[in-house]
Structures are given as C-alpha cells and as structure tokens.
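Coordinate analysis (summary)
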Amino acid sequence: MGFIVGLVFGLVVGITIIIGFVKAENYRSKLRSELAKTVAAFARMTVEDSRKLLPAEFYPSWVVFSERQKLTWLNHHLTKIWPYVDEAASELIKASVEPVLEQYRPAIVASLTFSKLTLGTVAPQFTGVSIVEGDKNGMTMELDMNWDGNPNIVLGIKTLVGVSLPVQVKNIGFTGVFRLIFRPLVDEFPCFGAVSVSLREKKKLDFTLKVVGGDISAIPGLSDAIEETIRDAVEDSITWPVRKVIPILPGDYSDLELKPVGMLEVKLVQAKNLTNKDLVGKSDPFAKMFIRPLREKTQRSKTINNDLNPIWNEHFEFVVEDASTQHLVVRVYDDEGVQASELLGCAQIRLCELEPGKVKDVWLKLVKDLEIQRDNKNRGEVHLELLYVPFGAGNAVNPFTASSMTSLEKVLKNDATDEVNASSRKRKDVIVRGVLSVTVISAEEIPIQDLMGKADPFVVLSMKKSGAKSKTRVVNDSLNPVWNQTFDFVVEDGLHDMLVLEVWDHDTFGKDYIGRCILTLTRVIMEEEYTDWFQLDESKAGKLQLHLKWMAQSIYRDS
C-alpha cells in the first residue's frame, strides 16, 4: 500500500515539475521574442526618434549624434596621391607660414625659418563632411580631419648670441574641422568663382620640439617660446575667421577677404566667489580676455590682491571679424608673481547673442575648461557689460549720431565709421557728468544677527571712484526694514564710477557686516530712472529695493 501511495505521489510531483518547466521555457521564449522585437525597433530608430525619446540634457557626455557623412572613398584616393600632395603643399606651406613665424618670432631669437619641410608618408584622414545651410550666394562645406603624421619639419633658429640651433618638430597630432566656402556661384563651369579655405575649429594640436644633436632645455625658455610662436602662427595664418582665398575663375574677390566688421566694447565689472588657490591669504585675481587668442589681441586687467570678490571696473575694446561665429573668452587667473599664474576659471559668450547697439549685462559662470560642458564645481562668476557696434551700421543701430547724450550707447562714442583707421587719429572720449539720485527703499530677508532673532540694519552708500559716502538711519529689530531715504551724488565720470551699497548690523559696541550690492551706472544712464530689487552678495540671504535716477551733463576731453 505504501508503495502505491509513493508511486502516485512521485508521478504527481514529476508531472508538476514538467508542467512548470514547460511554462518557464514558454515564458522565457516570450521574453526573448519581445526583447528581439525591442532591439529590432531600436535598430530602426533614427537620430530624430532618439531625440524625441530622451531630451539632450539626459545624454551622457560620450553620446554624440553626428550629422556628418563618412568619407572612406576620399581617404582611399588621398592615400594614393599623398606623395604628390606632399611635394606640392610643402613649398606652399613654407612660403605662406615663414612670414607669420617671423612676425611672432620670440625676442630671444634672431631669425626663425624652415630648414626642411616635408609632410611625410602618412596621409590625413577625413572622418566626416557636412554642408552648412543658409548661404544663398555660395556653398559652405565642413570637413573633419584627423592627422597623426610623420612629417620631417626642421626649424632653423639663430639666437641673439649667434648660436644656430636646428629644432625638429616631432610627434604631431592634429584634429580639427576645415571649412571650404565655394563663392560666388556663377553660371560658368565649375559653377563657383573662388574657394576660401579656413581651419574652422582646432580641437587638438600636439607636438614636441627636439634640438637635432642637442637638448633644447639647455637654453631656458626657448622651448616654450618656440611652441607659443608655432601656435600663434597657426592661429593667425589659417584659423577661422582667417581664410585663404583661392581664385578659380578670373574676377575680383576682395569681398571674400578677412576684414573687421565691428567693435566690441567690454566693461569687466567684477567677479565673485572665486576659488582660493593660496595657502596663506587669498588669491590675487586678474583677467585675460580675447576674441582671437593672439598675444597682441589679448587684453589683461589689473591684479586685485588678496580678494576672492574683486572689482575691476575696466574698459576694453576688441575688433570683431565675424560676429556670427566668434566668441569673447574670459580667463581669470591667480597672480603668482614670478611663477606661472594659475587658472581659476574661464567663460565665454557668443557674439551672436548680442543685439547690435544695445548693452548686454551678463554674469558668466566660470568653468575649468570650455571644452568640458558638465562642470558642477562652483568656481565663481564674472560680471561683464557688452556692447557690439557694427561698422557702417547707420543710425538704425548706431545711436551716436543723435544730439542727446542720455544713453550708454552715446556715452561709448567712438569713431566706428572710420573703422580701423580710428586708432591713428586723435579721438574724443565722452565724460558723463551728472547727479545720481539713489533712494534706498527697503530690504527683505535680512539674515538674523542678534540673539533675539532680529537685526538692526543700516546701509552705507559710496561712490567707488570719487569716494563720496552716505548712510541711512538704523532700523531697530527688523529683518525687513523700510528706509525710504534719498541721497544725491555728484558724479564726474559716470562711465568709470560705481555705486557700492553695504548693509551693516548696528551694535552697541560696533557693527557687523551683512552683505553688499555693487552697481555700475550703465543701466541708470541708459534708462535715466528705474526701480528694482538687488540680491546681497557675500550674504546667505537678503535683497535691497532701490530707486535710481540720473540727471546727465555730458562733456568731452581729448585723449
């Protein structure tokens, strides 16, 4: 009897296991089928489908949707004809680059020429091509190029002391984007009059320098000077907006040549919350700014010692050659004296974001590297006021021709219509002189300063350039004080002065600092009168409500 019961039980268990196994296999088969369908659907997805599913801000940094087509066929043919390209291009490069090398020749070098120049046996690889839309009078093509070549480049260097050094440029690695502009389009074969060639973007340029039969470090500073000269030569000879115009059909193509199109006026106002790089004390920040990273086109501010919230209030001018593609780059450094300055952070703004003839007030977040988009570390901010004035824009965007001098555009008067020749003649600087009326209305959310959970705030107002000062009355036991007090300041040069408002907590035996607001006079000169709220810097919370009014009297002086 027990045997029969065990047999029946065993059959039931076995059948149950078989049924369970079959169901599990069917379920796994169904999952595999659904997964295969999903994978197949992803394989059929286009770039646009991917962008609809997942917004761009959620992509990891290594995901790139390329709109460029591959050029395997071009690379194949270029490899075949490269020996002939090498022979033809070497002489052309030598003739065009040598004058630029001489222009940027370091002071410690008497002469700098090519002793030998061949491009080697390794042809560059074009990794993609795209067409830039929007050019009605021509066609613009961009080519991605990668070159890890083996060229034989030897520079003949003669120092001021008469020593000749053959310096070899080795281990060249280059990645960039070349732009070809076929313009103008004509009804005669090959259907375009000229080709403009330029290096649109220089992603990477690495090389090493070696003295043939010697050590380049034997002359201190020579290696860095030569490397900087080579990079400046590349930047000034072919990097966009510089371009080489190659005529294909007879004609006048002077309109394709590089020429200035406007001036960019920059006021470097201040920075805040900079990184402290010094072990003792605070950083000593200064700023460098440029549109094209050339030595003579880079502007430098003064150094503010021992301050992580420096105020510069300095003016600079830059020549603009292509407002649609160029950027203004700002780099903030810690001045280390005789040692190399240490970068605190950098930022950039595209000139196409500026409305011609209108002042733009911006705070730019500083990052470690402009090429790294996701930098979440707080490195501080820099405050700029920008005005782009195109040449020959006429009265539509150039307000300097009007008789009234009540806006900042009229204040920033320069001889833009004379373009580049303006620097060779005497010009007049406008001095904005007038009365600034400041009404300190109220404050809100002042941080708690006293043990009783209150504060006794008052405001100290001062003009940074003239040093004139005033202060409000003390409002006792309030985190949202109301003053409604008005102060007048005679301003001798509104373009270069600033209004500083410091909020303090009054104590019986002294005072405690709460925070401050720093305002240029740009907006009040432009608008003549306005009311607004301003956040307190160097404070956890708090804001001031102010009313400002400007009564101008412009005068001129020769400079």
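By the naming in an unreviewed UniProt entry, the chain is Synaptotagmin-5, taken from Raphanus sativus. On record in UniProt, under Function (unreviewed entry), the comment for the chain is "May be involved in membrane trafficking."

Further remarks concern the overall build of the chain. In terms of regular secondary structure, the chain is built from 6 helices and 23 strands. Within the chain, buried positions represent 43% of all 559 residues. Excluding contacts between residues fewer than 6 apart, the proportion of contacts in the chain whose partners are at least 24 apart in sequence is 65%. Put simply, the chain shows about 31,100 Å² of open surface, and 56% of that area lies on carbon and sulfur atoms.

Strand order in the open sheet made by the 4 strands is β18-β17-β20-β21, with antiparallel pairing throughout. Taken across any chain shown, the strands that pair with only one partner, and hence form the sheet edges, are β18 (469-471) and β21 (510-520). Put simply, the sheet's adjacent strands are angled 20° from each other on average, direction ignored. With 10 bridges connecting them, strand β20 (residues 498-507) and β21 associate as antiparallel partners. If you follow Leu-499 over to β21, its bridge partner there is Leu-519.

If you trace the 4 strands from one edge of the open sheet to the other, you get β11-β8-β15-β14, paired in antiparallel fashion. The outermost strands of the open sheet, each flanked by one partner alone, are β11 (311-320) and β14 (359-365). The average undirected angle you get between the axes of adjacent strands in this sheet is 25°. Bridge count between strand β8 (residues 262-272) and β11: 8 bridges; the pairing is antiparallel.

What follows is about unusual backbone geometry. The omega torsion across Arg-183 and Pro-184 is -5°, close enough to zero to call that bond cis. Along the chain, Pro-184 turns up in the loop between β5 (164-182) and β6 (194-211). Cis geometry marks the peptide bond from Trp-240 to Pro-241, where omega comes out at 15°. With respect to the helices, strands and loops of the structure, Pro-241 is situated in the loop between α4 (222-237) and β7 (244-247). Residues other than glycine seldom take positive phi values, yet Asn-171 does so here, at roughly 50°. Position of Asn-171 relative to the elements: it lies in strand β5. Unlike most non-glycine residues, Asp-477 shows phi in positive territory, near 50°. Position of Asp-477 among the secondary structure elements: in the loop between β18 and β19 (482-491).

This next bit is on the nonpolar core. Nonpolar side chains in soluble globular proteins tend to end up buried together. Grouped together as the largest cluster of nonpolar side chains are 44 residues, with contacts concentrated most on Leu-155, Val-169 and Ile-226. Listing elements by their share of this core, those giving two or more residues are α3 (72-103), β1 (109-118), β2 (125-132), β3 (139-147), β4 (152-159), β5, β6 and α4. Once residues within four sequence positions are removed from consideration, Val-169 is found in contact with Pro-151, Ile-153, Leu-155, Phe-207, Thr-208, Leu-209 and Ile-230. Judged by nonpolar contacts, the second largest core, of 32 residues, contains Val-459, Val-475, Leu-479 and Leu-501.

With that settled, consider α3. Taking 1.5 Å of rise per residue, 32 residues should cover 46 Å, yet α3 covers just 39 Å from first to last C-alpha, more than 12% shy of that figure. Asn-75, Leu-78, Trp-82, Asp-86, Ala-89, Ser-90, Val-97, Val-100 and Leu-101 are the residues of α3 that are buried. Where α3 is buried, its residues meet β1, β2, β4 and α4.

Attention shifts here to the pairing of β4. Within β4, 6 of the 8 residues are buried, which leaves the element mostly enclosed by the surrounding structure. Bridge analysis of β1 against β4 gives 8 bridges, and the strand direction is antiparallel. Looking across to β4, one finds that Phe-114 is bridged to Leu-155. The sheet contact formed by β4 and β5 spans 6 bridges and is antiparallel. When the bridges of β5 are listed, Gly-156 appears paired with Pro-166. As consecutive antiparallel partners, β4 and β5 are separated by 4 residues, and within that stretch Gly-162 has a phi angle of approximately 90°, a positive value.

Our next topic: the side chain of Asp-322. In this structure, Asp-322 sits in the loop between β11 and β12 (327-334). Despite being buried, Asp-322 has no salt bridge partner; Arg-243 is the closest side chain of opposite charge, sitting 5.1 Å away. Side chain to side chain, Asp-322 and Trp-240 meet in a polar contact 3.1 Å long. Engagement of the side chain of Asp-322 in a polar contact is seen with the side chain of Thr-325, the distance being 2.9 Å. Contacts of Asp-322, omitting those with residues within four sequence positions, involve Trp-240, Pro-241 and Val-261.

Before going further, it helps to examine the packing of aromatic side chains. For the structure shown, the criterion picks out 5 aromatic pairs. Plain terms: the ring middles of Phe-174 and Phe-178 are 6.1 Å apart, the flat faces sit at 55° to each other, and that makes the pair tilted. A relative accessible area of 9% means that Phe-174 is categorised as buried. Taking relative accessible area as the criterion, Phe-178 reaches 17% and is therefore assigned buried. Relative to Tyr-333, the ring of Phe-286 lies with its centre 5.5 Å away and its plane at 20°, an arrangement referred to as stacked. Taken as a pair, Phe-286 in strand β9 (residues 285-290) and Tyr-333 in strand β12 lie far apart in primary sequence, 47 residues in all.

Glancing now at the pattern of salt bridges. Counted by the stated rule, this structure contains 21 salt bridges. As a salt-bridge pair, Lys-465 and Asp-493 come within 3.3 Å of each other at their nearest N and O atoms. Taken together, the residues span a long stretch of sequence, with Lys-465 in the loop between β17 (457-463) and β18 and Asp-493 in the loop between β19 and β20 at a distance of 28 residues. For Asp-493, a relative accessible area of 8% puts it in the buried group. Residues joined by salt bridges that share partners form a network here, namely Glu-142, Arg-179 and Arg-200.

As a further point, take the side chain of Ser-301. Summarising the element assignment, Ser-301 is placed in the loop between β10 (299-300) and β11. A polar side-chain atom of Ser-301 sits 2.8 Å from the main-chain amide nitrogen of Ala-287. A polar contact of 3.3 Å, which involves the side chain of Ser-301, links it to the side chain of Trp-312. Every residue in contact with Ser-301, bar those within four places of it in the chain, is listed here: Leu-268, Phe-286, Ala-287, Trp-312, Glu-314 and Phe-316.

Conventions we followed
- Residues numbered from 1 in each chain as written.
- Predicted model: local features only at pLDDT ≥ 70, side-chain atom pairs only at ≥ 80, totals over all residues.
- Heavy atoms only, no water.
- UniProt positions renumbered as here; feature names shortened; annotations may be inferred.
- Helix = DSSP H or I, 4+ residues; strand = E, 2+ residues; numbered from the N terminus.
- Buried < 20%, exposed > 50% of the residue type's maximum accessible area, 1.4 Å probe, protein only.
- Contact = heavy atoms within 4.5 Å.
- Areas by Shrake-Rupley, 256 points an atom, 1.4 Å probe, with all protein chains shown as cover.
- Pairing = 2+ DSSP bridges.
- Axes fitted to C-alpha atoms, helices over the stretch in contact; angles between N-to-C directions.
- Core = buried A, V, L, I, M, F, W, Y, C linked by side-chain atoms within 4.5 Å.
- Expected span 1.5 Å × (residues − 1).
- Lys, Arg positive; Asp, Glu negative; His and termini not counted.
- Salt bridge = Lys/Arg side-chain N within 4 Å of Asp/Glu carboxyl O.
- Polar contact = N/O pair within 3.5 Å; in protein donor to acceptor, adjacent residues only side chain to side chain.
- Phe/Tyr/Trp six-rings, centres within 6.5 Å; stacked < 30°, edge-to-face > 60°.

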